[in-house]
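# Chains, contacts and geometry: an overview
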Amino acid sequence: MHTKEEKMQAFGRFLDVLDALRANCPWDKKQTNESLRPNTIEETYELCDALIKNDIPDICKELGDVLLHICFYAKIAEEKSQFDMADVCNALTRKMITRHPHVYHPSQVDAEDPKPLPYVPDDSSADAPKVSTVTQVLENWEQIKLKEKDGNKSVLSGVPDALPSLIKSYRIQDKARNVGFDWEDKQDVWKKVREELDELEVELRKDDKENSTKELGDFLFSVINAARLYKLNPDNALEMTNRKFINRFNYIEAHSIKIGKPLKDMTLSEMDALWEEAKRIEIENN
């Protein structure tokens, strides 16, 4: 692994290259926040794909692509005299120190070389909050955010509107939990899940599409809530199932090509048999 000095040197070298590209490359010259945004979303998803595959070389590569976009936005802002990469890093460092009072004394927020506890200035009488669990850290985090001058005006205002619905649902529930709005016993959530499923079935039997859609949303929200309570990530879980389905369906399709029989000409029982065969191979390989 590299030393801190080597990391700083590598980051500086990268910023120099970015500066040169911005000045000399026709494509880089014309980029704006608006033109980069779609690519940023794509790069973020590619990183997430590498993470769920645990593909270490690809994670390293995709982190670089995301970092490029972060620095590119800062470069564009610098050209407009709005802020630069140093401002981004300083703001982030200030926020991390402020929101971790169990790790840093408040006096270290703007310190050039922040020192973690037990360092405390001689003239300070402030006590560090007693924190021993992840839950306490998250609760403190939300409370500090609400107190910040430029922080969120409400608990849920920090959840981006543009988040995918499944992730947004999880974040909404998690933020509410951090201020005490949650089930006292996680077992109780199953009553709610069954209740929402029953209500969905009632509307489906009525063939009421509008109310069925609403009840489907309520049911999914309750299932995501259950996943959160049991410390399962529903987005990761669903993506694993997506990949599992793709692998098994591809197996069926490959077999249909091999025997020269199109999928549309295969019976459901034939496809089910191949599905089970693909499932058995997965189990054997694992």
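Relevant structure appears above.
Residues numbered from 1 in each chain as written. Predicted model: local features only at pLDDT ≥ 70, side-chain atom pairs only at ≥ 80, totals over all residues. Heavy atoms only, no water.

## A short note on the pattern of salt bridges
On inspection of all chains with the given rule, the structure shows 18 salt bridges. A salt bridge links Asp-182 to Arg-228; the nearest nitrogen and oxygen atoms lie 2.7 Å apart. Residue Asp-182 is found in the loop between helix H7 (165-178) and helix H8 (189-206), and its partner Arg-228 is found in helix H9 (residues 209-229); the two are separated by 46 residues along the sequence. On the basis of relative accessible area, Arg-228 is assigned to the buried category, the value being 6%. Residue Glu-210 is joined to Lys-214 by a salt bridge in which the shortest nitrogen-to-oxygen separation is 3.7 Å. Here the residue Glu-210 and the residue Lys-214 both occupy positions in helix H9, the gap between them amounting to 4 residues, near one helical turn. Put simply, Asp-49, Lys-53, Glu-239 and Arg-243 are held in one network by salt bridges that share partners. (Salt bridge = Lys/Arg side-chain N within 4 Å of Asp/Glu carboxyl O. Helix = DSSP H or I, 4+ residues; strand = E, 2+ residues; numbered from the N terminus. Buried < 20%, exposed > 50% of the residue type's maximum accessible area, 1.4 Å probe, protein only.)

## Examining the packing of aromatic side chains
Tallying each qualifying case throughout the model produces 4 aromatic pairs. Ring geometry for Trp-190 against Tyr-230: centres 5.8 Å apart, planes inclined by 45°, an arrangement best described as tilted. Highlighted residues: Trp-190 in helix H8 and Tyr-230 in the loop between H9 and helix H10 (234-259), separated in sequence by 40 residues. Lying over the aromatic face of Tyr-119, Lys-115 brings its terminal NZ or CZ to 5.7 Å of the ring centre. (Phe/Tyr/Trp six-rings, centres within 6.5 Å; stacked < 30°, edge-to-face > 60°. Lys NZ or Arg CZ within 6 Å of the ring centre and 35° of its normal.)

## Topic: the packing of H10 against helix H11 (residues 268-285)
Here H10 crosses H11 at 120°, and the two axes come no closer than 9 Å. When the interaxial angle is binned, H10 and H11 end up oblique. As H10 runs across H11, the sense of the crossing is right-handed. Note on element contacts: H11 touches H10 through Met-271, Leu-274, Trp-275, Glu-277, Ala-278, Lys-279, Ile-281 and Glu-282, opposite Lys-244, Phe-245, Asn-247, Arg-248, Phe-249, Tyr-251, Ile-252 and His-255. Of the residues in the contact of H10 with H11, the class split is 9 nonpolar, 2 polar and 5 charged. (Axes fitted to C-alpha atoms, helices over the stretch in contact; angles between N-to-C directions. Parallel < 35°, antiparallel > 145°, perpendicular 65-115°, else oblique. Left-handed = near helix turned anticlockwise from the far one by under 90°. Contact = heavy atoms within 4.5 Å. Nonpolar A, V, L, I, M, F, W, Y, C, P; charged D, E, K, R; others polar.)

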